[in-house]
Amino acid sequence: MVTLSGLGFRYEKHKPLFEDLNLTLAPGNIYGLLGKNGAGKTTLLKIISGLIYPERGKALIGNRETKSRSPGIMEDLYFLPEVCSLPKLRVDEYIAIYSPFYPRFSVDQFYDYLKIFGIDDESHLSKLSHGEKKKIAIAFALAASTKLLLLDEPTNGLDIPGKSTFRKLIAASFAEDKIIVISTHQVRDMNGIIDPVVILDKGRVILNESLSRINSRVSVAMTAAEPGGEDILYYESTMGGYAVITKNDGNDDGEIDIELLFNSVVGENSKVNTAIGGEVRNVRE
Amino acid sequence: MFGNNFSTMRMALLFKRDLIIHRKTLVLWFSSILLISLAFAFLTQLLLPPIFLGNGRYRGIAEVIIALLAISVSYSFYELDFAEKKIDYLLIPASTLEKYLGRLIVTSVGYLLIGSMIYFISLIFLGWIQTHAFSVWNEKALLQPGYLIRLVQIYLSVHSFFFFGSVYFKKNESGKILRTGFVIYGSFILLRWIISCMFSFHWPIMGPSESAIRSLDENSKMEYYKLLAATKSIVSVTFFYLMPVFLWGLGYLRLKEEEARNGI
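Cut-offs used in this document
- Residues numbered from 1 in each chain as written.
- Chains lettered and ligands numbered in written order.
- Predicted model: local features only at pLDDT ≥ 70, side-chain atom pairs only at ≥ 80, totals over all residues.
- Pairing = 2+ DSSP bridges.
- Helix = DSSP H or I, 4+ residues; strand = E, 2+ residues; numbered from the N terminus.
- Contact = placed C-beta atoms within 7 Å.
- Expected span 1.5 Å × (residues − 1).
- Buried ≥ 20, exposed ≤ 12 C-beta atoms within 10 Å, placed from the backbone.
- Arc of directions from axis to C-beta.
- Domains from an automatic or database assignment.
- Nonpolar A, V, L, I, M, F, W, Y, C, P; charged D, E, K, R; others polar.

*Asks:* Could you clarify how one ought to interpret the sheet that holds strand S5 (residues 64-65) of chain A in this entry?
*Replies:* Residue and element names in this part refer to chain A. Strand order across the open sheet formed by 4 strands is S2-S1-S4-S5, with antiparallel pairing between neighbours. Each of the sheet's edge strands pairs with one partner strand only, and the pair in question is strand S2 (18-25) and S5. Pairing geometry for strand S1 (residues 2-9) and strand S4 (residues 56-61), over 5 bridges, is antiparallel. In the sheet register, Ser5 faces S4, and the bridge partner there is Lys58.

*Asks:* Can you walk me through the interface of chain B and chain A in this structure?
*Replies:* Interface size, as often reported, equals the accessible area lost upon joining of the parts. Contacts between the two partners involve 26 residues from chain B, matched on the other side by 30 residues from chain A. At the level of elements, helix H1 (8-47) and helix H4 (83-90) of chain B are the ones that each hand at least two residues to the side of chain B that touches chain A. No other element matches the 6 residues that H1(B) contributes to the side of chain B that touches chain A.

*Asks:* How should helix H6 (residues 160-173) of chain A be read in this particular structure?
*Replies:* Residues three or four positions apart in an α-helix share a direction because the helix packs 3.6 residues into each turn. Residues and elements named next belong to chain A. Across its 14 residues, H6 extends 20 Å between first and last C-alpha, which sits within 8% of the 20 Å expected from 1.5 Å per residue. Of the positions making up H6, those classed as buried are Phe166, Leu169 and Ile170. With its buried residues spanning 100° around the axis, H6 presents them on a single face. Among the exposed residues of H6, those pointing more than 90 degrees away from its buried face are Ile160, Pro161, Lys168, Ala171 and Ala172. In this fold, the buried residues of H6 make contact with strand S3 (29-35), helix H4 (107-117), helix H5 (130-143) and strand S8 (179-183).

*Asks:* Is there a simple way to think about the domain arrangement of chain A in this case?
*Replies:* All names here are of chain A. According to the domain assignment, chain A consists of domain 1 (2-208) and domain 2 (210-277). A straight line from the C-alpha centre of domain 1 to that of domain 2 covers 30 Å. When contributions to the side of domain 1 that touches domain 2 are tallied by element, the ones reaching two or more residues are S3, strand S9 (197-201) and strand S10 (204-209). With 3 residues, S9 is the largest single contributor of residues to the side of domain 1 that touches domain 2. Residue composition of the side of domain 1 that touches domain 2, by class: 7 nonpolar, 2 polar and 4 charged.

Printed below as a string of structure tokens:
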């Protein structure tokens, strides 16, 4: 369990990024962390991984503060940054020096993942493209089998087959005792993987909800004409019409598009957010 | 398998990681130090007038090696200067103590051993230039235990400046490291000088008055000199032993506070 309570943080000479952020991440979930540019997604992942210390509040994994960066915490946590740094080594050397730090690391799994990604296991890391390096980093992150996996924009730089492979591998490597957090702007790459959805806006968690609950509360329809009426919670123009969100009266078992969901909840006084949770869900469990 | 915050096993893994990643750089750099040291030995033999060659200590081979090793030490935590490398390094599942202590041991003891090897090879080379025979014993002055201990003291003092600087100053700001070193070393010289003045019989402002001096018998004067020597040695011990420990400790605390704050 990851618990962020009363979190306050600001970068030097900037206004506060988080003032009283509360969030709980439970095992058995692949969280999608969404937010506008500058909302603090990467900062939040860094705070969770102990790379940045909060000014106020606590970031806990279990009952241990992450800022201690103690080996006990770090060997069960893997943070894959958007731009990863790999040393100028052969793949086998890379594995030989990094994998022993992770007690549950599976070398066989790593090489299997490389094979699935189509990366030659005798490659030299300095000779690979950015996307190929990212595939190796993802393979390592998954093979490390840590209980908490934080991925920052993991599909940036991946080719189209790579994105699809990524989705498959995430699904295959997931277990009920794990928490995976994927921060991304590429929500379409994550369709069918992320659930629940966590949305950050203006220094707060404005939504932390499972897709099943969201879908049970709201439904989406496409109309050709501009919609009107009190039952309309949100609408936006799309190619050839309007995407409309209304309250789910229980008859619709369709799934909401995450991009549409995001756009509908980040505005002021979001009716969608109210319909989903009855309040801004700044969870403190 | 591992202890909680300190494990020699994890330190060994960190050492292995550093060695494999930097093996080429290390071989290249230490070979360069050896070449520079040999060239320096050769040039001093060639260029310096015999009066300087009478005492091997003035050749400054050891000092050149120490200066070059100090440059290597200033890169001890080079990862902290690069956003992605820093994240990679801080996330390695090992405690700050293991990361810090590991590099402290490698750069103090390890570099000192490598530096000593380079020094002895340079002396053999020097012996060969002088006598065309392979022997370091031509330069006995350069191998006196007192002199060697002094060199170790100097290396550890210099090491503490640069090791601390590598954690504290960003982008390996050698200028700032050197300035800090000069300020601390300058303070040490100044303190020793002030102490000498305070105890000096020939310093009218700070030293004892002439009447006080006249009142001292020979035994008292001897005691007086002993006191002066003891005070000076306290300052020296502080500088050569306690200050490095202080700077190493400060560096550890700084590394513990290190964050990856670049980018929102």
